[in-house]
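Structure assessment
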Number of protein chains: 2
Amino acid sequence: MATIKDVAERAGVAPSTVSYVLNESRPISPETCRRVRQAVEELGYHPRASARTLRSTRTDVLALALPRTDGSQRAIDGRFAIDISDAARRLGYDLLLTTAQEKAEGLRRVARSGLADAAVLMAVDMEDARIEVVRELAFPAALIGRPADEHALPWTDLDWEAAAFLAVRELAAAGHREIVYLAPTEREVSARRSYALRGIAGARRGAQQTGATVRVVHADGDPARQVPALLGGPAAPTALAVQHGLVLPDILTAAAAAGLQVPEDLAVVAIGSLPDHPSGREQPRIELPVETLAAEVTRLAAAAAEALREPGASPPAQRLLADSVGHLLIPPVLLAEGGIAGPRSR
Amino acid sequence: MATIKDVAERAGVAPSTVSYVLNESRPISPETCRRVRQAVEELGYHPRASARTLRSTRTDVLALALPRTDGSQRAIDGRFAIDISDAARRLGYDLLLTTAQEKAEGLRRVARSGLADAAVLMAVDMEDARIEVVRELAFPAALIGRPADEHALPWTDLDWEAAAFLAVRELAAAGHREIVYLAPTEREVSARRSYALRGIAGARRGAQQTGATVRVVHADGDPARQVPALLGGPAAPTALAVQHGLVLPDILTAAAAAGLQVPEDLAVVAIGSLPDHPSGREQPRIELPVETLAAEVTRLAAAAAEALREPGASPPAQRLLADSVGHLLIPPVLLAEGGIAGPRSR
DNA sequence: CTGTTAGCGCCTTCAC
DNA sequence: GTGAAGGCGCTAACAG
């Protein structure tokens, strides 16, 4: 492996000169430049990341702290991970994955060993062990998900409350009076997942404000069994708002299997559906803006890393830092090509 | 940030002694051990990864080279990424994500800057630019996906050929004579995706061996439109084998919407479905063994990294190395709780 | 505009 | 059983 010394020797200059040329950290004469670049080329030289980091205390790596979740969630988390990786690269960072265990030791280890300049925390709950970790270590971080303490750290999130409210309001506006809000699972609620709590709150507000009956039901992980049960019974709903990116297709399948036409017999609005799902079916929906969230949270994390490099950014200043870096609550957008169908008049 | 020197000072020993204690690279008296550990604790010391790497030329990081794919595949790729991250951690590695661009510069950069000890290449095609890169750089690597040149590098994959064959054979055994094989898209085939080509080959072999009529149709990304078209017509199939992890629910919905009962009117077998999908419906299927593939490919990559550390492992030995490290073709397992339904007698 | 020098933090000989 | 010293590859401070 060629080192900067080899390059310097070959180009007939000092090692530091090579460094200056490559980092453009100082004006260098065109001729020297040319010679250096040629030597680099000929030797196939590439700077060693570890040496650079040791010297400069920057890694150009961001850590992504995934929550520990079950298999099905991993598809969504992974989707984010890849988009965040893209976003990071565009800002000049690589992305290191850490899957959180009980006490976020992965994140702690990465932060303390100086493997990354900042962290992105995915899918944070209202309270989240990872938040404690980054604050304790004064490690720059940005979150996807809106924590209970909104001012502790920069974050981005879809406005789930507004999204659920919007879905209910639009269904009510289309004439529906009996609506079921299919919320995340009980488990997610008792884990105090931010999106779950806020979504339910939004649905409740929608009920209150429209006067429609909104029954909040938790998904139980088995749409094929649960959906028919919901739709039968005396007060059969005419509309369903579903807050679960993955199971929407299964719900449609279940409805179809139960002999219901969508949307004639049952209007369905999806909240937080994944973009790019290859179903041709254009369902009314509020999409989870994965790409936007990924780009924003990455920007915030990178900004936090930069800010900490400025002289005078002492640890106690981090709370202030968070506020100055800012938050981003993304307003929901309802996509409904053909409008929302009303209830079948009967 | 505390350094090894600080710890040494506090414990009243030499820096090297601290190193010995922490790495257990030499017997140290219990008393000294205790004092060192206490100092470590009190100062919150953690060795700096960059310094350790600079010294030892090992990073304890694996790189994951994702293919550039469109959004829908990202859910699957991401699922793998997270499982691989878990597997890596279990072997003592962290995982660095790189999303491949045209010429896999990401991977190249990571390899050359010494950011990782080995790479895992996800979703490799029959021919794949990333393979050239790792071979050219003599960078240890393992693949998910079975490349055309099977002996160049270690790999793991589901045996797609056998999977498709098995699906067709079982459908035929259940009495079906008119079967549609819904294969990956044309685009995937012309990109020479390994799973697509091999799956189709397996379906063809199944047809040949069972005498059933198997029509191979490429998914066009819009099940709601495509499926009814497939199921109508003069020679309506009684069974469908679907090689596409994500669209299965949409296909079931489309079938239901077309007035077909599954499985009475149409038997459906899914090939390469994602595990843990929260659809309650127990569909006959051959699951993509994500966890197994992730664990195996990680093991292979780590082994390749270790092997290259052995003295005498010169670059020309890498091909041999690959063979000694080995491959793993995972046999398909058909999951069909209630057996596979036969065609409705008519 | 370019060269020299010192050290980032760690590990590993080598000497005691 | 312990300590001192050197160097991994790079960059920033200090000459010239």
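You'll find the structure just up there.
These remarks concern the structure in this document.

The rules behind these values
- Residues numbered from 1 in each chain as written.
- Chains lettered and ligands numbered in written order.
- Predicted model: local features only at pLDDT ≥ 70, side-chain atom pairs only at ≥ 80, totals over all residues.
- Heavy atoms only, no water.
- Least-squares fit on C-alpha atoms with pLDDT ≥ 70 in both.
- Near = heavy atom within 4 Å.
- Polar contact = N/O pair within 3.5 Å; in protein donor to acceptor, adjacent residues only side chain to side chain.
- Helix = DSSP H or I, 4+ residues; strand = E, 2+ residues; numbered from the N terminus.
- Nonpolar A, V, L, I, M, F, W, Y, C, P; charged D, E, K, R; others polar.
- Phe/Tyr/Trp six-rings, centres within 6.5 Å; stacked < 30°, edge-to-face > 60°.
- Buried < 20%, exposed > 50% of the residue type's maximum accessible area, 1.4 Å probe, protein only.
- Pairing = 2+ DSSP bridges.
- Axes fitted to C-alpha atoms, helices over the stretch in contact; angles between N-to-C directions.
- Contact = heavy atoms within 4.5 Å.

1. Focus on the relation of the copies chain A and chain B
When chain A is brought onto chain B, the operation consists of a screw motion whose angular component is 179° and whose axial shift is 0.1 Å, with 0.3 Å RMSD remaining. When the rotation and shift are considered jointly, the pair of chain copies conforms to a two-fold rotation axis. Closest to the rotation axis within chain A is the C-alpha of G78 of chain A, separated from it by 1.7 Å.

2. Focus on the protein's contact with DNA strand C
Taken together, 27 residues lie around DNA strand C, and R26, S29, T32 and R55 of chain A together with I4 of chain B are the ones closest in. Within 4 Å of the protein, the contacting atoms of DNA strand C are drawn from sugar and phosphate to the extent of 51%. For DNA strand C, a base nitrogen lies 2.6 Å from a polar atom in the side chain of R55 of chain A. A distance of 2.9 Å separates a base oxygen of DNA strand C from a polar atom in the side chain of Y20 of chain B. Looking at the surface near DNA strand C, the elements with two or more residues in it are α2 (15-23) and α4 (49-56) of chain A together with α2 (15-23) and α4 (49-56) of chain B. When grouped by side-chain class, the residues that make up the surface near DNA strand C number 11 nonpolar, 10 polar and six charged.

3. A closer look at the packing of aromatic side chains
Residue and element names in this part refer to chain A. Applying the stated rule across the entire model yields two aromatic pairs over all chains. Taken together, a centroid distance of 5.9 Å and an interplanar angle of 50° make the contact between W160 and Y195 tilted. Placement of W160 in helix α8 (residues 160-173) and of Y195 in helix α10 (residues 194-210) is noted, with a sequence separation of 35 residues between them. W160 gets classed as buried once you look at its relative accessible area, which sits at 9%.

4. Describing the protein's contact with DNA strand D
In the vicinity of DNA strand D, 26 residues are found, and the nearest of them are I4, Y45 and R55 of chain A together with R26 and T32 of chain B. Within the side chain of Y45 of chain A, a nitrogen or oxygen atom sits 2.5 Å from a phosphate oxygen of DNA strand D. A distance of 2.8 Å separates a phosphate oxygen of DNA strand D from a polar atom in the backbone of A14 of chain B. Of the residues that constitute the surface near DNA strand D, the class distribution is 12 nonpolar, eight polar and six charged.

5. Points about the sheet that holds strand β2 (residues 94-99) of chain B
Pairing is mixed across the open sheet formed by 12 strands, whose spatial order is β11(A)-β5(A)-β4(A)-β3(A)-β1(A)-β2(A)-β2(B)-β1(B)-β3(B)-β4(B)-β5(B)-β11(B). Where the open sheet ends on each side, the last strands, each with one partner, are β11 (328-330) of chain A together with β11 (328-330) of chain B. Averaged over all neighbouring strand pairs, the angle between strand axes comes to 20°, with direction disregarded. Relative to strand β5 (residues 155-158) of chain B, strand β4 (residues 141-144) of chain B runs parallel, the two sharing two bridges. Residue pairing in the sheet places I144 of chain B in a bridge with T156 of chain B of β5 of chain B. With respect to the sheet, helix α6 (residues 105-112) of chain A is in contact with β1 (61-66), β2 (94-99) and β3 (118-121) of chain A together with β2 of chain B, its orientation differing from that of β2 of chain A by roughly 140°.

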